[in-house]
Amino acid sequence: MGSQEDKSPGSYDATQDALSHGRILRQWAMAGFMRGLAGTRTELLPQGGLSMPSEAFRERAEASLRADGSDGEERSAREAYAAEVEELLLDAQRNAVERHWLLARIGVAVDILLSLAAILVFGELSALHGVFEPVTLGFLGLVGTSFIMLSFAAKRVVVLSREVFLAKPEEYPLPWEPARTDS
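Treat the numbers as computed from the prediction; the structure is a model and nothing was measured.

Reading the values: the criteria
Residues numbered from 1 in each chain as written. Predicted model: local features only at pLDDT ≥ 70, side-chain atom pairs only at ≥ 80, totals over all residues. Heavy atoms only, no water. Helix = DSSP H or I, 4+ residues; strand = E, 2+ residues; numbered from the N terminus. Buried < 20%, exposed > 50% of the residue type's maximum accessible area, 1.4 Å probe, protein only. Contact = heavy atoms within 4.5 Å. Areas by Shrake-Rupley, 256 points an atom, 1.4 Å probe, with all protein chains shown as cover. Salt bridge = Lys/Arg side-chain N within 4 Å of Asp/Glu carboxyl O. Patch = residues over 30% accessible without salt bridge, like charges linked within 9 Å, V, L, I, M, F, W, Y side chains within 5 Å. pLDDT = per-residue confidence, 0-100. Phe/Tyr/Trp six-rings, centres within 6.5 Å; stacked < 30°, edge-to-face > 60°. Arc of directions from axis to C-beta. Axes fitted to C-alpha atoms, helices over the stretch in contact; angles between N-to-C directions. Parallel < 35°, antiparallel > 145°, perpendicular 65-115°, else oblique. Nonpolar A, V, L, I, M, F, W, Y, C, P; charged D, E, K, R; others polar. Core = buried A, V, L, I, M, F, W, Y, C linked by side-chain atoms within 4.5 Å.

**Student:** Would you mind showing me how to read the overall build of the protein here?
**Tutor:** Counting secondary structure elements, the protein contains 6 helices and 0 strands. Counted from the first residue to the last, the protein has its helices and strands arranged as α-α-α-α-α-α. Within the protein, buried positions represent 35% of all 183 residues. Long-range pairs, those at least 24 residues apart, make up 79% of the contacts in the protein between residues at least 6 apart in sequence. Of the roughly 11000 Å² of accessible surface on the protein, 62% is carried by carbon and sulfur atoms.

Put into structure tokens, the structure is as follows:
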């Protein structure tokens, strides 16, 4: 993941790699607003066992270090790298969860305000033009279209949740392992 190829052995960029591995966490956190706005009130966690990115990275690093034949300073550098990336991913997970729920609450508040505004506008349009006039029906069509678009946004949040909470160890390359080309 990181740009380790041009560095000497034992010189690993844990911060950059953790940022790269935490990209999906940041996307999921930002999707909290759409989750709240779309009215998704239930939990979006996948059914079955969960595997967070830090846990998947730790499994990958432990397996690699067990199979690793390095020793001395190189071994210490690899262990320090793995511990630092795992700690940074744990922090990223905590921050992502907090941000996701904050944005979800803001999305719910905006959803309620928009719903109230739509009811008021529909009532005003009905009073001014009548219920079955083109302006009122056009407004109802726009509201219906927005519901459909929000359902697509909610599906994106579900997909992101699966990517975040079903992390696989093989998704986390380690800089001392040979680059894989089987994608």
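**Student:** Teacher, can you tell me more about the pattern of salt bridges here?
**Tutor:** Think of it this way: side chains of opposite charge can pair up when their charged atoms draw near. All chains considered together, the criterion is met by 7 salt bridges. With its nearest N and O atoms 3.8 Å apart, the salt bridge here joins Arg94 to Glu87. Using a relative accessible area of 41% as the deciding quantity, one classes Glu87 as partly exposed. What you see here is one network of salt bridges that share partners, running through Arg58, Glu62 and Glu86.

**Student:** For this particular structure, what's the right way to read a nonpolar patch on the surface?
**Tutor:** The grouping of Ile112, Leu113, Leu116 and Ile119 at the surface amounts to a nonpolar patch, some 420 Å² of accessible area in total. If you trace the backbone, Leu113 turns up in helix H5 (residues 72–129). The exposure class of Leu113 is exposed, given its relative accessible area of 58%.

**Student:** Help me out: how do you make sense of the confidence of the model for the protein in this one?
**Tutor:** If pLDDT is low for a region, its predicted coordinates should not be looked at in detail. The pLDDT averaged across the protein works out to 83; a share of 86% of its residues lies at or above 70. This model gives residues 1–7 a pLDDT under 50, and the stretch forms 11 contacts once residues within four places in sequence are excluded.

**Student:** Just checking my understanding: could you explain the packing of aromatic side chains for this structure?
**Tutor:** Two aromatic rings are characterised by how far apart their centres lie and by the angle between their planes. A full pass over the atoms with the stated rule returns 6 aromatic pairs. Ring geometry for Phe57 and Tyr172: centres 6.4 Å apart, planes at 90 degrees, overall edge-to-face. Remark: Tyr172 occurs in the segment after helix H6 (134–165) and Phe57 occurs in helix H4 (residues 53–67); sequence separation between them is 115 residues. Each member of the pair, Phe57 as well as Tyr172, carries the same accessibility label: buried.

**Student:** Can you help me understand helix H1 (residues 14–21) in this one?
**Tutor:** Since one α-helical turn is 3.6 residues long, residues separated by three or four positions face the same way. Every buried residue of H1 is listed here: Ala14, Asp17, Ala18 and His21. Buried residues along H1 cover an arc of 100 degrees about the axis, so they all sit on one side. Here the buried face of H1 lies against helix H2 (23–30), H4 and H5.

**Student:** For this particular structure, what's the right way to read the environment of Tyr172?
**Tutor:** Given a relative accessible area of 4%, Tyr172 falls into the buried group. Tyr172 has contacts with His21, Pro53, Ala56, Phe57, Arg60 and Ala167, leaving out every residue within four places of it along the chain.

**Student:** Is there a simple way to explain the packing of H4 against H5 in this structure?
**Tutor:** If you want to describe how two helices pack, look at the angle between their axes and the distance between the axes. Where H4 contacts H5, the two axes come as close as 8 Å, and the packing angle between them is 170 degrees. With respect to their mutual orientation, H4 and H5 come out roughly antiparallel. Facing Pro53, Ser54, Phe57, Arg58, Ala61 and Leu65 of H4, the residues of H5 in contact are Arg75, Arg78, Glu79, Tyr81, Ala82, Val85, Glu86, Leu89, Leu90 and Gln93. Partitioning the contact of H4 with H5 into residue classes produces 9 nonpolar, 2 polar and 5 charged.

**Student:** What should I look at first to understand the nonpolar core in this one?
**Tutor:** Nonpolar side chains tend to gather and get buried jointly when the protein is soluble and globular. One finds Phe57, Tyr81, Val85 and Trp176 to be the most contacted residues of the largest nonpolar core, which totals 16 residues. Of all elements in the fold, only H1, H4 and H5 reach the threshold of two or more residues within this core. Of the residues forming this core, the biggest block, 5 residues, is contributed by H5. In this structure Tyr81 touches Tyr12, Asp13, Ala14, Asp17, Phe57, Leu174, Pro175 and Trp176, once residues within four positions along its chain are discounted. One finds Trp28, Ala29, Ala96 and Leu160 within the second-largest nonpolar core, a separate group that totals 11 residues.

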